[in-house]
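Structural overview for review
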Amino acid sequence: MPGFEVFGEEEKKETLEVFDTGVLFRYEFPEQRKGVYKVREFEEKFAAYHGAKYGQAVTSGTAALKVALTVLGVGPGDEVITQGFTFVATWEAIFDAGAIPVFTEIDDTLNMDPNDLEKKITAKTKAIIPVHMMGAPARIKEILAIADKHGIPVIEDTAQAPGAKLDGQYLGSFGACGTFSFDPVKTMTTGEGGMVLTSDEQTWRKMSEYHDHGHDHAQNPGGRGGEGRSFIGFNFRMMEIQGAIGLAQLAKLDTIISEQKKNKQALKAVVQKMPGVSFRNILDEDGDSATFLAFMLPDSEKAKAVNKVLGENGAGAVYFADNTWHYYPKWEHLLNGLTLAGSGWPFKDQDSRRRVVHDPEALPASAKIIGRTLVYQVPVKLGQERLDQITSAIDKAAAL
Ligand SMILES: *Cc1c(COP(=O)(O)O)cnc(C)c1O
């Protein structure tokens, strides 16, 4: 999965070009920067790679979600639907935009169940965020059809799936916006950073302004100054060094994915030997970015027993049912309404009664699936020694 596995001379070279100009800021200083605009170039290349017209670089994947929600007009009183299996950032951004997150079940894709989505749409639903978890697609076409029927925009949280496709089209290019993360453990990384893709010019212009205190970069490209502001903004700007690293990493994305595909096949061939095992439904095997191998045992008792043996033999898998960062019933701060705001916002209303309550038992279908799922992260570099270790651990678990 992580792009840091392939850091090399390319990242160093790109970064040094920034220091040669002395301009770390993505805007202004036209003489000093000698034509070097790393963030802008990264935006253009990342968008073109994914088949979108515009890219807006920001400080993180969480910021990307916040920016996308804000420019789509989401605010207090609104609801945004996402899935109960995702990183906490997805719903942190929904709260930060002032809205309330509503969670759907996942299905055998380990992503949003479109049938449950349809049931959870209300008059207050102002955006839908399917998450392409672990490098492979949600049922984005079905989700878009439902969203279109209700006139609700879709933001694809593509933080875990740059370079992944469904039927030849890149994930993150289907919805009104696609958001990406370049944090330290993602498929490609800039240390910190994020991107929002869109093919709608107005949406891009709003993002460009909002993420930089309202500065209008369309009328005043590269600069900032005399122009007025159309609305209140914030600062989510990416810096040149991140843009430089992003360019080097993007150039390696195809190689990262093809190496992961090979390694995933090798791991799958080993895991397949286990009696009763099945695999996550990947809607498009060709388009899989192969960052993770998710496999299911017949029930949660079996999954836990298998993972105990794997762990004892140095090859433990991730058991998301116990993971406190990615799975709804484990989000105690959400479930208990914990916030730093003295008023109790966003869980409490003006009259200080608790209005927003999330029931830990609300997603039984997801619990059934997650409870029997084990996950291996697929490295870009998988040595024979490590593969042998996993093979021997799986052989022991298979004998259970
Ligand atoms: C990593 C991640 C994010 C947040 O990205 P950061 O850059 O770490 O803020 C959002 N959504 C998902 C699904 C992620 O995995």
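Residues numbered from 1 in each chain as written. Predicted model: local features only at pLDDT ≥ 70, side-chain atom pairs only at ≥ 80, totals over all residues. Heavy atoms only, no water.

Time to look at the overall build of the chain. For the chain, the helix and strand inventory stands at 13 helices and 12 strands. If you line up the chain on its principal axes, its C-alpha atoms span 70 × 60 × 40 Å. Relative to its 400 residues, the chain shows a buried fraction of 58%. The long-range fraction of contacts in the chain, counting pairs at least 24 apart against all pairs at least 6 apart in sequence, stands at 69%. Carbon and sulfur atoms provide 53% of the accessible area of the chain, an area that totals close to 16,700 Å². (Helix = DSSP H or I, 4+ residues; strand = E, 2+ residues; numbered from the N terminus. Buried < 20%, exposed > 50% of the residue type's maximum accessible area, 1.4 Å probe, protein only. Contact = heavy atoms within 4.5 Å. Areas by Shrake-Rupley, 256 points an atom, 1.4 Å probe, with all protein chains shown as cover.)

With that settled, the discussion passes to the site of the ligand. In the vicinity of the ligand there are 15 residues, among which G61, T62, S181, D183 and K186 approach most closely. In this structure, D183 approaches the ligand through a side-chain N or O atom, which is 2.6 Å from an oxygen atom. Protein burial of the ligand: of its 380 Å² of free accessible surface, 94% is covered by the chains. Only α3 (61-71) and α4 (89-96) provide two or more residues apiece to the shell around the ligand. Here the shell around the ligand is composed, by residue class, of four nonpolar, eight polar and three charged. (Near = heavy atom within 4 Å. Polar contact = N/O pair within 3.5 Å; in protein donor to acceptor, adjacent residues only side chain to side chain. Nonpolar A, V, L, I, M, F, W, Y, C, P; charged D, E, K, R; others polar.)

Here the structure, examined in full by the defined rule, presents 23 salt bridges. A salt bridge links K38 to E14, with the shortest nitrogen-to-oxygen separation between them at 2.7 Å. Note that K38 is positioned in helix α2 (residues 38-49) and E14 in helix α1 (residues 9-21), a separation of 24 residues in sequence. According to the relative accessible area criterion, K38 is buried, its value standing at 4%. Between K141 and D167 there is a salt bridge, with its nearest N and O atoms 2.7 Å apart. Separated by 26 residues along the polypeptide, K141 in helix α6 (residues 140-150) and D167 in the loop between β6 (165-166) and β7 (169-170) bring together distant segments of the chain. (Salt bridge = Lys/Arg side-chain N within 4 Å of Asp/Glu carboxyl O.)

What follows deals with the side chain of S366. Along the chain, the position of S366 falls in helix α12 (residues 364-371). The class for S366 is buried, based on a relative accessible area of 3%. Of note is the side chain of S366, whose polar atom sits 3.0 Å from the backbone nitrogen of I106. In this structure, S366 is in contact with T104, E105, I106 and Y327, ignoring residues within four places of it in sequence.

Turning to helix α9 (residues 253-271), a few remarks are in order. With 19 residues, α9 extends 26 Å between its outermost C-alpha atoms, agreeing within 8% with the 27 Å of an ideal straight helix rising 1.5 Å per residue. What α9 keeps buried is the set L253, I256, I257, Q260, N263, K264, L267, K268, V270 and V271. The arc enclosing the buried residues of α9, seen along the axis, measures out at 145°, which places them on a common side. Those residues of α9 that are buried lie in contact with α2, α8 (240-250), β10 (278-279), β11 (292-296), β12 (373-377) and α13 (384-398). (Expected span 1.5 Å × (residues − 1). Arc of directions from axis to C-beta.)

Here we take up the domain arrangement of the chain. Accessible area lost when the parts come together is the quantity often used to give the size of an interface. Split by domain assignment, the chain resolves into domain 1 (3-253) and domain 2 (254-398). Contacts between the two partners involve 43 residues from domain 1, matched on the other side by 43 residues from domain 2. Together domain 1 and domain 2 conceal approximately 3,600 Å² of surface at their shared face, both sides included; 63% is due to carbon and sulfur atoms. Applying the counting criterion to the domain 1 and domain 2 interface returns zero salt bridges. Between domain 1 and domain 2 we count 25 residue pairs in polar contact (both at pLDDT 80 or more) in total. Put simply, the parts of the chain that give the side of domain 1 that touches domain 2 at least two residues each are α4, β3 (100-104) and β6. Take the side of domain 1 that touches domain 2: its biggest share by element is four residues, from β3. (Domains from an automatic or database assignment. Buried area = accessible area lost by both parts, 1.4 Å probe.)

Taken together, the side chains of L16, F19, L24 and M239 define a hydrophobic patch exposed on the protein surface, amounting to about 360 Å² of accessible area. Looking at where L24 falls in the secondary structure, it is placed in the loop between α1 and α2. Here L24 falls in the partly exposed class, since its relative accessible area comes to 33%. (Patch = residues over 30% accessible without salt bridge, like charges linked within 9 Å, V, L, I, M, F, W, Y side chains within 5 Å.)

Bringing the sheet that holds strand β8 (residues 177-181) into the picture now. The strand order β1-β9-β8-β5 describes an open sheet built from four strands, whose pairing is mixed. The outermost strands of the open sheet, each flanked by one partner alone, are β1 (54-58) and β5 (155-157). Each neighbouring strand pair of the sheet contributes to a mean axis angle of 20°, computed without reference to strand direction. Across four bridges, the pairing between β8 and strand β9 (residues 194-198) is antiparallel. Looking at the pairing, F180 lines up with M195 of β9. Packed onto the sheet, α2 meets β1, β8 and β9 and runs at close to 130° relative to β1. Each of β1, β8 and β9 is contacted by helix α7 (residues 201-210), which is oriented at about 20° to β1, the strand it contacts most. (Pairing = 2+ DSSP bridges. Axes fitted to C-alpha atoms, helices over the stretch in contact; angles between N-to-C directions.)

Before going further, it helps to examine the pairing of strand β4 (residues 125-129). Across the five residues of β4, four count as buried, placing the element largely inside the fold. Sheet analysis places strand β2 (residues 79-83) next to β4, joined by four bridges and oriented parallel. Bridge pairing links E79 to T125 in β4.

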